[in-house]
Amino acid sequence: MECDAKLLDRVPTGKPPFSLGDIKKAVPKHCFQRSLLRSSAYLLADLLGVAILFYLTRFVEIVAPPGIFQWMLWGAYWIAQGCVATGLWVIAHECGHRAFSDYAAVDNAVGFVIHSCLLVPFFSWKYSHARHHANNGSIHRDEVFVPKEKDGLSALTPFLQHTPGRIFSIIFMLTLGWPSYLLLNVSGRKYPRLASHFDPNSPIFNRREKLQIVASDLGLLAVSAGLIYLGWSAGFVWLLKVYGVPLMIVNAWLVTITYLQHTHVALPHYADSEWDWIRGALVTVDRDYGILNTIFHHITDTHVVHHFFSSMPHYHAQEATAAVRSVLGRYYLCDKTPVLVAIWREYKDCVFVEPDAAGEGIMWYKNSLSS
């Protein structure tokens with residue numbers, strides 16, 4: 001992954017000299033082809049990885065007596081399983097975008113089962129996520145990690161900008177950020193009333209989607225009942241070790257990836273007076289997670305092209321990214337800053353958005369709380 005732009009230089013915000021058609025023409029046609037066989041191979045590889053890691057847990061307490069070494073083995077399992085299961089999460093994400101196969105029923109079934117097993121309401125997330133793609137970069141209509149304007153900041157913000165407060169904020173995001181978003185729409189778009197991914201009558205959804213929201217809830221209830229049964233049968237401590245902690249790591253990766261994909265001092269956000277779909281799609285940054293790029297099926301380092309062609313399967317995204325960079329020019333942003341450093345920097349520098357001059361519709365991340 002090569003990044004040749006100066007990281008903190010603002011990307012252009014004028015109307016791009018290219019159209020969506022120009023971008024699409026630059027991409028080899030085969031990149032848009034979905035293969036059920038190839039997608040299934042990636043799915044089976046992830047499932048095999050999860051199964052092997054789970055099988056190895058039976059030996060942890062055999063090879064290591066209680067103590068630090070045993071906890072180190074559990075820690076290694078949690079990290080490895082959390083990363084592999086995040087890849088599985090991404091496969092379900094592709095299903096939500098119709099990028100898994102040419103068959104909607106297959107994509108919905110695979111995505112529903114995988115996400116339900118990871119305690120994600122598949123159809124609820126699918127619809128809100130589609131609206132994120134439709135409104136990316138809009139300060140008023142985007143659905144997730146919507147930045148606050150300065151006059152909308154909490155009274156606690158000045159305290160959270162000191163090192164202890166920033167650490168607390170990051171820990172909260174990594175542990176409770178995902179369930180808080182699903183349950184209470186924390187960090188999401190402002191709605192006139194409570195918006196929850198579990199409520200079929202939530203303002204996030206329309207009437208035609210109600211039955212599928214109910215289906216998502218029923219899927220979670222079924223998986224939760226199965227987990228409770230496992231806990232009673234094998235022990236809840238065991239369940240926490242083999243499933244609970246890896247799931248928390250999946251959730252931490254999910255919010256980290258999403259946050260870093262759309263939060264960067266070089267990226268603008270747009271008010272309604274300036275927003276259009278192409279410029280909104282460009283409010284995205286490709287990041288480098290090293291070997292995890294592969295484990296996460298390149299959702300991390302090819303996210304810009306994903307926002308233009310969300311039904312493109314991940315195994316073509318690297319080739320497509322390389323093809324469109326010459327078209328996008330300075331509108332394309334990538335950043336190889338190590339993940340932990342990037343999280344800290346973005347939390348420090350990206351506190352709120354405001355225009356450089358009053359009344360402008362282009363907003364930039366800033367962190368100075370003084371008037």
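Chains are numbered independently. Their residues run from 1 in the order of the written sequence. Confidence filtering applies because this is a predicted model: local features only for residues at pLDDT of at least 70, side-chain atom pairs given and counted only at 80 or more, and all residues used for totals across whole chains, interfaces and linings. Calculation of side-chain values draws on the structure's entire complement of heavy atoms; hydrogens and water are dropped beforehand.

J.: For the sheet that holds strand β1 (residues 268-270), give the residues involved together with the corresponding values.
T.: Overall, antiparallel pairing links the three strands, which are arranged β1-β5-β4 in an open sheet. Edge positions in the sheet fall to β1 and β4 (352-355), since each of these pairs with one other strand and no more. Each strand of the sheet is rotated relative to its neighbour by a mean of 40 degrees, with strand direction disregarded. Paired strands, as defined in this entry, are two strands with at least two bridges between them according to DSSP. Elements are defined by DSSP. Helices are runs of H or I of four residues or more, strands are runs of E of two residues or more, and each kind is numbered from the N terminus. Relative to strand β5 (residues 362-366), β1 runs antiparallel, the two being bridged by three bridges. Note on β5: the bridge partner recorded for H269 is M363. Note on method: axes are straight lines fitted to C-alpha atoms, helices fitted across the in-contact stretch only, with angles between N-to-C directions ranging 0 to 180 degrees.

J.: So what's going on with the UniProt feature "domain: Fatty acid desaturase" (unreviewed entry) in the protein chain? Residues and values would help.
T.: Those residues carrying the UniProt feature "domain: Fatty acid desaturase" (unreviewed entry) are residues 71-333 in this numbering. Helix makes up 60% of residues 71-333 and strand 2%. Its end C-alpha atoms lie 40 Å apart. UniProt positions are given in the numbering used here, feature names are shortened, and annotations may be inferred rather than shown by experiment.

J.: Give me a nonpolar patch on the surface: which residues, what numbers.
T.: Two joining distances apply to patches: 9 Å for like charges and 5 Å for nonpolar side chains (Val, Leu, Ile, Met, Phe, Trp, Tyr), and every residue must have over 30% relative accessible area and no salt bridge. Surface accessibility in these figures is a Shrake-Rupley result with a 1.4 Å probe; residues are shielded only by whichever protein chains are displayed. What makes a salt bridge here is a side-chain nitrogen of Lys or Arg within 4 Å of a carboxyl oxygen of Asp or Glu, nothing more. Taken together, L48, I52, Y55, L56, F59, I62 and V63 make up a surface patch of nonpolar side chains, about 690 Å² in accessible area. Taken together, the elements giving at least two residues each to the nonpolar patch come down to α2 (36-56) and α3 (60-63). When you line up the elements, I52 lands in helix α2. Relative accessible area decides the class of each residue, using a 1.4 Å probe on protein chains only: under 20% of the type maximum gives buried, over 50% gives exposed, and in between gives partly exposed. With a relative accessible area of 44%, I52 lands in the partly exposed category.

J.: Which residues make up the pattern of salt bridges, and what values go with them?
T.: The tally for this structure, following the rule as stated, stands at 17 salt bridges. D107 is paired through a salt bridge with R98; the nearest N and O atoms lie 3.6 Å apart. The shortest N-O distance in the salt bridge between R345 and D335 comes to 2.7 Å. With R345 in helix α15 (residues 339-349) and D335 in strand β3 (residues 334-335), this pair connects stretches of sequence that are 10 residues apart.

J.: Residue-level account of the pairing of β4, with values.
T.: Of the strand pairs in this sheet, β4 and β5 are connected by four bridges, and their pairing is antiparallel. Following the sheet pairing, P355 is matched in β5 by M363. Adjacent in sequence and paired antiparallel, β4 and β5 are bridged by six residues, among which G359 carries a positive phi angle near 95 degrees.

J.: Give me the packing of aromatic side chains: which residues, what numbers.
T.: Put simply, two rings from Phe, Tyr or Trp (the six-membered ring, in Trp's case) pair if the centres are within 6.5 Å, and we call them stacked under 30 degrees between planes, edge-to-face over 60, tilted for the rest. This structure, assessed with the given rule, holds 22 aromatic pairs. Residues W74 and W78 carry aromatic rings whose centres are separated by 6.3 Å and whose planes lie at 25 degrees to one another, so their mutual orientation is stacked. Here W78 and W74 lie together in helix α4 (residues 68-96), a separation of four residues that amounts to about one turn. We note that W74, like W78, is buried. Plain terms: the ring middles of F308 and F309 are 6.3 Å apart, the flat faces sit at 45 degrees to each other, and that makes the pair tilted. The class for F308 is buried, based on a relative accessible area of 6%. Accessibility expressed as a relative area gives 9% for F309, which makes it buried. Members of the aromatic cluster, joined through ring pairs, are W89, F112, F122, F123, W125, W178 and Y181. Sitting over the ring of F32, K24 keeps its end group 5.4 Å from the ring centre. Positioned above the aromatic ring of W275, the side-chain terminus of R141 is 4.7 Å from the ring centre. Remark: a charge is flagged as sitting over a ring if the NZ atom of Lys or the CZ atom of Arg is within 6 Å of the ring centre and within 35 degrees of the ring normal.

J.: Would you mind going over the state of the cysteines in detail, with residue names and values included?
T.: Here, a disulfide means two cysteine sulfur atoms that sit within 2.5 Å of each other. Counted by the stated rule, this structure contains zero disulfides. We note that C31 lacks a disulfide partner, and the nearest cysteine sulfur, in C334, lies 18 Å from it. Owing to a relative accessible area of 0%, C31 belongs among the buried residues under this scheme.

J.: Let's hear about the packing of α4 against helix α5 (residues 104-117): which residues, and what values?
T.: What describes two packed helices is the angle between their axes and the distance between those same axes. Two elements in contact, α4 and α5, have axes whose closest approach is 8 Å; the angle formed by their N-to-C orientations is 145 degrees. Crossing geometry of α4 relative to α5 is assigned as left-handed. When α4 is examined against α5, the residues L88, W89, I91, A92, H93 and C95 are found in contact with a partner set consisting of D107, V110, G111, I114 and H115. Looking at side-chain class alone, the contact of α4 with α5 contains seven nonpolar, three polar and one charged residues. Each helix crossing is assigned a hand: it is left-handed if the near helix lies turned anticlockwise from the far helix by less than a right angle, otherwise right-handed if that turn is clockwise. Contacts are assigned to residue pairs that have any heavy atoms within 4.5 Å of one another. Each residue gets one label: Ala, Val, Leu, Ile, Met, Phe, Trp, Tyr, Cys and Pro are nonpolar, Asp, Glu, Lys and Arg are charged, and the others, such as Gly, are polar.

J.: Any details on the packing of α4 against helix α10 (residues 236-262)? Residues and values, ideally.
T.: With their axes 8 Å apart at the nearest point, α4 and α10 run at an angle of 55 degrees to one another. With respect to α10, the axis of α4 lies oblique. The chirality of how α4 crosses α10 is right-handed. Where α4 abuts α10, its residues W71, W74, Y77, W78, I79, Q81, G82, C83, A85, T86 and W89 lie against K241, V242, V245, P246, I249, V250, W253, L254 and I257. Tallied by class, the residues present in the contact of α4 with α10 amount to 16 nonpolar, three polar and one charged. An angle below 35 degrees is read as roughly parallel, one above 145 as roughly antiparallel, one from 65 to 115 as roughly perpendicular, and any other as oblique.

J.: Quick rundown of the nonpolar core? Include the residues and the values.
T.: Grouping buried Ala, Val, Leu, Ile, Met, Phe, Trp, Tyr and Cys residues that are joined through side-chain atoms within 4.5 Å yields what is termed a nonpolar core. Core analysis: the biggest nonpolar cluster contains 46 residues, and W89, I114, W178, Y289 and F296 have the highest contact counts within it. Elements with a contribution of two residues or more to this core: α4, α5, α6 (122-134), α8 (163-184), α10 and α15. The residues contacting Y289, other than those within four sequence positions of it, are W253, T256, I257, L260, F296, T300 and V339. With 19 residues, the next largest nonpolar core counts V27, F308, L328 and Y331 among its residues.

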